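Results of the structural survey
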There are 2 protein chains.
Amino acid sequence: MEKYAVIVAGGSGSRMGTPVPKQFLLLQQRSLLWYSLNTFLHAFDDIHIILVLPEENMAEGEKLVTELNAGKKITITKGGSTRFHSVQNGLRFVTEPSIVFVHDGVRCLVTKGLIRRCYAQALEKGSAIPAVAATDSIRIVDGDTSVVANRNDVRIIQTPQTFQSAILLPAFKTTHQESFTDEATVVEASQQKIFLIEGEYENIKITRPADLLIAEKILAERSSLQ
Amino acid sequence: MEKYAVIVAGGSGSRMGTPVPKQFLLLQQRSLLWYSLNTFLHAFDDIHIILVLPEENMAEGEKLVTELNAGKKITITKGGSTRFHSVQNGLRFVTEPSIVFVHDGVRCLVTKGLIRRCYAQALEKGSAIPAVAATDSIRIVDGDTSVVANRNDVRIIQTPQTFQSAILLPAFKTTHQESFTDEATVVEASQQKIFLIEGEYENIKITRPADLLIAEKILAERSSLQ
């Protein structure tokens, strides 16, 4: 089956307090995005990557592709005003039938193992949304009251959100809604059921400065195991 | 109003992979618990602390009290088999009327500011449960389906969970239930409403090795600002 990874790297560095968009921050001399791309490239020999970047960062994207020696495997395209629009843009390059991964560029600790498990489940069930159990108590607020969620039932959602193209592409033929916070919500709005899969605790989204430190530590541990 | 802080430090180091219980792990030469105790001691001159420890760590607790020169302000008592039982044990030392903070010993980055805000709200409304917004998507699973939670409505719960003694003490005169995952759930089971308050992102629970690194970084930043 054809494989496409739409890597979304549209975020600005606002919460990081850095002038560089966070996907271009460095970890051991490589940008966060380099790690994400590199892992997908090594997960499958025949994967196509669609890298969705803000217009002002497309030149940096080209440099990254050269660095990875992956000119034939990576297509760069421009992001939109929301994640939904960015993904919609990226999906124009997908051919059918295929399995499509949609991944946050700043989840640079994703592993080949997780990517391959997502592929296998999406092939079988139609989708694979990585999720991990919560370690803190969670409440759902409603006005000035709140209700505790049963911790056993709470899952924190990650990426790559993975789908059969026959499910994902039709779902994105719609207009943007506020409730589209990820690809799973878009697919559900098209009346399709989605399926979770066990994610990985280390597959964190780099959002705050402290997250970079965690990522550095995890990378150092991984390279010491190689 | 009298002030009591029940600091619960019952956890083992299982997820840390260390032989030392995590509350005794060191950050810049001080144990996690030292920071928690020190911040509460400095939040109010007239606070009483009830430190709940596993029996095998009571001697280390005594050492910590000496180190903090806080013999008159800290009472050490033995933990129970669950968090509920540990807190119940600690509450035996509380006199009424008072405001009672219940705090995870391993949330060592709690600030005086948060403690004082919790105090003020509990005095006014009866309780103050610190909570922060979620940065990841959250789903609630039910069998093999799941429903996305509206991210605007999701709160991640922290401590110190703070209450008027007239609300907390009667609530704990009950037997343990599976659903008692924190003090807020115990109070709710006694038909009392609880009130959230804005928590702090840095007020993390030290659970995994990477959390220690974050804590180190945050402490270093704080001391550079002093």
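Residues numbered from 1 in each chain as written. Chains lettered and ligands numbered in written order. Predicted model: local features only at pLDDT ≥ 70, side-chain atom pairs only at ≥ 80, totals over all residues. Heavy atoms only, no water.

**Considerations on the pairing of strand E6 (residues 98–104) of chain A**
Residue and element names in this part refer to chain A. So the rule is basically this: Only protein chains enter the accessibility calculation, which uses a 1.4 Å probe; a residue is then buried when its area is under 20% of its type maximum, exposed when over 50%, and partly exposed in between. Helix and strand definitions here come from DSSP, where helices need a minimum of 4 consecutive H or I residues and strands a minimum of 2 consecutive E residues; each element is numbered from the N-terminal end. In this description, strands pair whenever DSSP reports at least two bridges between them.
Burial runs high along E6: seven of the seven residues are buried. The pairing of strand E1 (residues 2–8) with E6 spans seven bridges and is classified as parallel. Of the residues in E6, the one forming a bridge with valine 6 is valine 102. Judged from the four bridges that link them, E6 and strand E11 (residues 161–164) form a sheet pairing that is antiparallel. Across the sheet, residue valine 100 finds its bridge partner in E11, namely phenylalanine 163.

**Things to note about the relation of the copies chain A and chain B**
Keep this limit in mind: A least-squares superposition brings the copies together, and it is based on the C-alpha atoms of residues with pLDDT no lower than 70 in both. The contact rule is simple, with two residues in contact once any of their heavy atoms fall within 4.5 Å.
After a rotation of 180 degrees and a shift along the axis of 0.0 Å, chain A superposes on chain B with an RMSD of 0.0 Å. Look at the turn and shift together and you get a two-fold axis relating the two. Interface overlap between copies: 100% of the residues of chain A at the interface are likewise at the interface in chain B, consistent with a symmetric, same-surface contact.

**A few points about the confidence of the model for chain A**
Under the convention used in this document: For every residue, the predictor states its confidence as a pLDDT score lying anywhere from 0 to 100.
Mean pLDDT over chain A: 92, with 96% of residues reaching 70 or higher. Predicted complex, confidence summary: ipTM 0.90, pTM 0.85.

**Describing the pairing of strand E5 (residues 74–78) of chain B**
Residues and elements named next belong to chain B. The cut-off we apply is this: With its strands directed away from the observer, a crossover is right-handed exactly when the path from the first strand over the helix to the second travels clockwise.
Inspection of the sheet shows strand E4 (residues 47–53) paired to E5 by five bridges, in the parallel sense. Paired with valine 52 across the strands is threonine 77, a residue of E5. Crossover handedness for the path E4 to helix H2 (residues 58–67) to E5: right-handed.

**What about the nonpolar core?**
Put simply, the rule is: Side-chain atoms within 4.5 Å link the members of a nonpolar core, which is a set of buried Ala, Val, Leu, Ile, Met, Phe, Trp, Tyr and Cys residues.
Membership of the largest hydrophobic core comes to 91 residues, with the highest contact counts inside it found for Ile74(A), Phe101(A), Ile74(B) and Phe101(B). Here Ile74(A) is in contact with Leu37(A), Leu41(A), Ile49(A), Leu51(A), Val65(A) and Leu68(A), once residues within four sequence places are set aside.

**Here we look at the pattern of salt bridges**
Residues and elements named next belong to chain A. Our working rule: We define a salt bridge as a side-chain nitrogen of Lys or Arg found within 4 Å of a carboxyl oxygen belonging to Asp or Glu.
Under the counting rule described, the total for this entry stands at 22 salt bridges over all chains. In this structure, the salt-bridge partner of arginine 222 is glutamate 202, at a minimum N-O distance of 3.2 Å. Placement of arginine 222 in helix H7 (residues 209–225) and of glutamate 202 in the loop between strand E12 (196–198) and H7 is noted, with a sequence separation of 20 residues between them. Its relative accessible area of 24% is what places arginine 222 among the partly exposed residues.

**Quick notes on the packing of H7(A) against helix H7 (residues 209–225) of chain B**
The test is simple: Only the contacting stretch of a helix is used when fitting its axis, a line to C-alpha atoms as for every element, and angles between N-to-C directions run 0 to 180 degrees. Any angle that is under 35 degrees is reported as roughly parallel, and any over 145 degrees as roughly antiparallel; angles of 65 to 115 degrees are reported as roughly perpendicular and all others as oblique. Handedness of a crossing follows from how the near helix is turned relative to the far one, being left-handed for an anticlockwise turn of less than a right angle and right-handed for a clockwise one. Gly is placed with the polar residues, together with every amino acid not listed as nonpolar (Ala, Val, Leu, Ile, Met, Phe, Trp, Tyr, Cys and Pro) or charged (Asp, Glu, Lys and Arg).
At their nearest, the axes of H7(A) and H7(B) sit 9 Å apart, and the two run at 135 degrees to each other. Considering their axes alone, H7(A) and H7(B) lie oblique with respect to each other. The way H7(A) lies across H7(B) gives a crossing that is right-handed. Residues Ala210(A), Leu213(A), Ile214(A) and Lys217(A) of H7(A) form the contact with H7(B), whose own contacting residues are Ala210(B), Leu213(B), Ile214(B) and Lys217(B). Split by residue class, the contact of H7(A) with H7(B) holds six nonpolar, no polar and two charged.

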